[in-house]
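Here is how the chains run, residue by residue.
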Number of protein chains: 2
Amino acid sequence: MKENNYCVIMAGGVGSRFWPFSRNSRPKQFLDFFGTGKSLLQVTVDRFRPLVPIENVLIVTNVIYRDLILEQIPDLKPDQILCEPARRNTAPCIAYSVAHIKGRVLAKMKTANASIDWESDAMNANIIVAPSDHLILDEQEFLHVVEQGFDFIEKNDVLLTLGMKPTRPETGYGYIQVKTAQGETMENNNVYPVKTFTEKPNLDLAKVFLESGEFLWNSGIFMWNLRTIRRAFRDYLPEIADKFLPGEPVMGTADEEAFIQEMFPSCPNVSIDYGIMEKAKDVRVIPASFGWSDLGTWGALYELSEKDANQNVTIHCDSAFYESKGNIVTLPKGKLAVIQGLENMIVAENDDVLLICQKASEQQIRQFVNDASVQFNGKYN
Amino acid sequence: MKENNYCVIMAGGVGSRFWPFSRNSRPKQFLDFFGTGKSLLQVTVDRFRPLVPIENVLIVTNVIYRDLILEQIPDLKPDQILCEPARRNTAPCIAYSVAHIKGRVLAKMKTANASIDWESDAMNANIIVAPSDHLILDEQEFLHVVEQGFDFIEKNDVLLTLGMKPTRPETGYGYIQVKTAQGETMENNNVYPVKTFTEKPNLDLAKVFLESGEFLWNSGIFMWNLRTIRRAFRDYLPEIADKFLPGEPVMGTADEEAFIQEMFPSCPNVSIDYGIMEKAKDVRVIPASFGWSDLGTWGALYELSEKDANQNVTIHCDSAFYESKGNIVTLPKGKLAVIQGLENMIVAENDDVLLICQKASEQQIRQFVNDASVQFNGKYN
C-alpha cells in the first residue's frame, strides 16, 4: 500500500431510477441493496482499503449527505468529505478532488520542511476515481487490476480507465473502442490505447460492438497521477482548471469550504468523459472482468440477483409467489409480500411509497417521481 | 323506540378473505373500510340507535375482541359484550343472545316486583339479529324496513328474515325463494312466506333465480320475538336449547361468564340457517332494497367503491395509476401507491404484509393465509 495512493469516490448522485427504494434523503449509494448489512458506499470504501490508506480516501458528495457518510464510515474524518454546493456533473467534481489532493500533498511537503517544487515527482500522487454505487462481484480480481493500474500510472503520464469485457449487448452503457495492433487479440489486464469513446448504442449497434471484440463497457472508473490530470484540466478544461488553481493552497484549511461555496456553483456542467477523456490524446484502458454492474436500473439489479425457480427475485423481505414469474420484489426487512398472477414486474416499497411497474417500463420511473412530486406537493419526495 | 326492542350484533368472525387488510388481531368488522372514520361495527351499532335503546344492544364476539369493542363503542357496558369462548357458528351464538335477553327480561320483572309468568307477553322482547360487518347504503330505507319488521314480530309469532332484492346473478350469496299467490308480484316491504332457502348457486342457476323474480338474497339479518325464537330452539335444536335453559336465571349476574365458559364449547357447530330457518314452518321474509352487501370479498368491496376514469379503486391511500385499470388498491393512510401496467388486481397492504393478487383469484386468499402461517411460523398472522 503506497502512501501516495489516493481514492476519490463520487457519491453525490440521487438515483431516482430506484425510487422509491432510493429517495432524495437516502440515494442508492447509501442503501444496503443486497441485504449484506453494508451500503454500496460502505462496500466501495472497504474495497479500496487494501490499496489506499484510509486517510487518503476522499468522498465527493452533496453537503446534505455529509453526516450520513460520517455515520456510515466512522473512520473517515470530516475533511475527507468534499462537499459540492451544487450538482455540476463529474468534471468539476473531479477537479475539486484534484485540487484537494494537490493541497494535501503541498501541506505534507510543508510539514516535512522540504523545499517545494510544484512540478517535482515528490509532489505527485496516484489517484483512482470511482463511483460509490456500483457493484463488483470479484473483489480479488478488482484489486489485482487496480494494483496493476496504480503501477502503470505511477510510471506513465496517461489517463487510464478500466473497461469492462462486455457479456451481453447492453444498451444502457457507454462503450470504449480499443486500439489493438493488426492481428492482436485484446487480453484482460493488459493496457491498450483507446480509439474512441461512444455513447450508449441502440441494440443493433450494441450487438455489433459485442461481436467485434474491440469494445468494452465504460465503467466510469478512472486512474491517473496528480500531475497528469492537472495538466489535462489545463489543456482541455481551462475554464475549470483556472477556477480551482487559486484554491489549491487553501485546501485542507479552514478556508476550503468558503472557497468552494463561492466558486463551485459557477463551474460549467460537464462530464469528465466529454470534457477530457474523449478529447485527450494519451488515454489508455485496461480490459477487465470482475463482475461489474453500474446497478443503474431495477432491471440491472434483477439480472444480478439470485432467482427462485420461477425467476422471481426477492430482496430484503419475505415472499410467497403463486403463478408469478420474472418479478423483482423488495419491501423493507420484516415484511411479507404475497404475490399471485404477476409477471415481469417491479414491486418496490420504501417508507411511504409502493411502486408497482413493469420491468420493461422502468424508464418511466423518473417521470413517476416528477409527477408524484407535483401531484402530492413533494409529500413523497 | 320501544323499550323491549333488542339488537344482537354478531361480531365474532375473523374475515380472512380480506387478509392482509383484516388480521386475527383486527378482523374486518373493526376496520374503517371506507375511510369514514368509523369501523363497520361502529356504523352497524349507530344504525340501530334510532330503533333500539343502546342498553339493549348486545354484541356477541370472541373474548379477545372485548376490549377493542368497548374502545370502539364507549357507551356500551361490559355486560353488553357476550363473549363466546369458542367459535361455534351462528346457532349457538344466537342461542346465547336469546338466553341473555331472557335473563335480562326476567331481571327487569324481578326489579319491578311483578309476579313472574315465564310465558306471559310481559316476558317477551322483539329482537333483530344482524352481522357486524355488512354494508348498508340506504340507512333510511333500512330503518323503515326494520321498524316495519319490529311491528310485525311483536304481533306475530314467526321467524322473519330480510331478503335483498337481487340486482345481479351473484354466486356468493345464499338465496330465499318467496311464496307468492298465483299471479301475485313480489313487492318490497311486504311480508311473504318463505318457500325455500337455497345454498350459493352456480352462475347459471343464479341467472335463473334473478330472472324468475321469486328469489331474494339471504342477508343474514333475522327478526323474531323472544318467545318464538326460544320455541324454535326447543323444537329444532333441542340439544342447544337444553344447554342454555338452566343458564337463563344467571344471565346478567356474576355467574354468567362461568356458565358460558363451562357449557358453550360443548355446543354443536351449526348455523341458524341450517339448524332452524330451513326447518321451521312459520318463516317469513320482507323483500327490501337498501343497498346491502355482505362485503364478503375484495371483489364485492371493489364493486361498491367509487372508481376513477379507468375503473381503479383506491381506499385510504394516495395513488397514481399509469396504463392500469380495474384494480383495487388499499395501503394505510398516508402512503402513496404508484402503479403502472396492472389490470384487475388487488393490491392490499396492512402492517407487515403486502398482497398482490388477481381479483379473479381472490378465493385463493384463504389458502395464502394458511400457507404463510405455516411457512413463516405464524409471524404474519
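Residues numbered from 1 in each chain as written. Chains lettered and ligands numbered in written order. Predicted model: local features only at pLDDT ≥ 70, side-chain atom pairs only at ≥ 80, totals over all residues. Heavy atoms only, no water.

A. Region of the structure containing the overall build of chain A. Of the regular secondary structure elements, chain A holds 11 helices and 17 strands. Since a compact globule built from 381 residues should have a radius of gyration of about 21 Å, the 22 Å found for chain A is in line with a globular shape. In terms of principal-axis extent, the alpha carbons of chain A reach across some 75 × 55 × 35 Å. Per-residue burial over chain A gives 56% buried out of 381 residues. Once local pairs closer than 6 in sequence are excluded, the contacts in chain A between residues at least 24 apart make up 68%. Accessible surface, chain A as shown: approximately 15,900 Å² in total, 48% of it carbon and sulfur. The centroid of the 38 positive side-chain charges in chain A is displaced by 2 Å from the centroid of its 50 negative side-chain charges. (Helix = DSSP H or I, 4+ residues; strand = E, 2+ residues; numbered from the N terminus. Rg over C-alpha atoms; globule rule 2.2 N^0.38 Å. Buried < 20%, exposed > 50% of the residue type's maximum accessible area, 1.4 Å probe, protein only. Contact = heavy atoms within 4.5 Å. Areas by Shrake-Rupley, 256 points an atom, 1.4 Å probe, with all protein chains shown as cover. Lys, Arg positive; Asp, Glu negative; His and termini not counted. Charge placed at Lys NZ, Arg CZ, Asp CG, Glu CD.)

B. Inspection of the interface of chain A and chain B at higher detail. Each side of the interface is counted separately: chain A has 37 residues, and chain B has 36 residues. Summing both partners gives a buried area of about 2,900 Å² for chain A against chain B, and 55% of it is carried by carbon and sulfur. In this assembly, chain A and chain B are joined by 4 salt bridges. Residues D318(A) and K379(B) are paired through a salt bridge, measuring 3.5 Å at the closest nitrogen-oxygen approach. Of all the secondary-structure elements, those providing two or more residues to the side of chain A that touches chain B are β13 (318-322), β15 (336-340), β16 (345-350), β17 (353-358) and α11 (365-375) of chain A. (Buried area = accessible area lost by both parts, 1.4 Å probe. Salt bridge = Lys/Arg side-chain N within 4 Å of Asp/Glu carboxyl O.)

C. Molecular detail of the sheet that holds strand β16 (residues 345-350) of chain B. Here we have 6 strands laid out as an open sheet, ordered β13(A)-β15(A)-β17(B)-β16(B)-β14(B)-β12(B), and mixed in their pairing. Here the strands that pair on one side only, and so sit at the sheet edges, are β13 of chain A together with β12 (313-315) of chain B. Averaged over neighbouring strand pairs, the angle between their axes works out to 10° when direction is ignored. Where β13(A) lies against β15(A), 5 bridges are found, and the strand directions are parallel. Note that in β15(A) the partner of D318(A) across the bridge is L336(A). (Pairing = 2+ DSSP bridges. Axes fitted to C-alpha atoms, helices over the stretch in contact; angles between N-to-C directions.)

D. How the structure looks around unusual backbone geometry. Following W19(A), the chain continues to P20(A) via a peptide bond in cis, the omega torsion being 5°. Looking at where P20(A) falls in the secondary structure, it is placed in the loop between β1 (5-10) and α1 (40-48). A positive phi angle, close to 45°, is found at L295(A), a residue other than glycine. Relative to the assigned elements, L295(A) resides in the loop between β11 (292-293) and α10 (298-304). With relative accessibility at 0%, the residue L295(A) sits in the buried group. Phi angles above zero are rare outside glycine, and D351(B) is one such case at about 50°. Following the sequence through the fold, D351(B) ends up in the loop between β16 and β17 (353-358). Assessed through its relative accessible area of 55%, D351(B) is described here as exposed.

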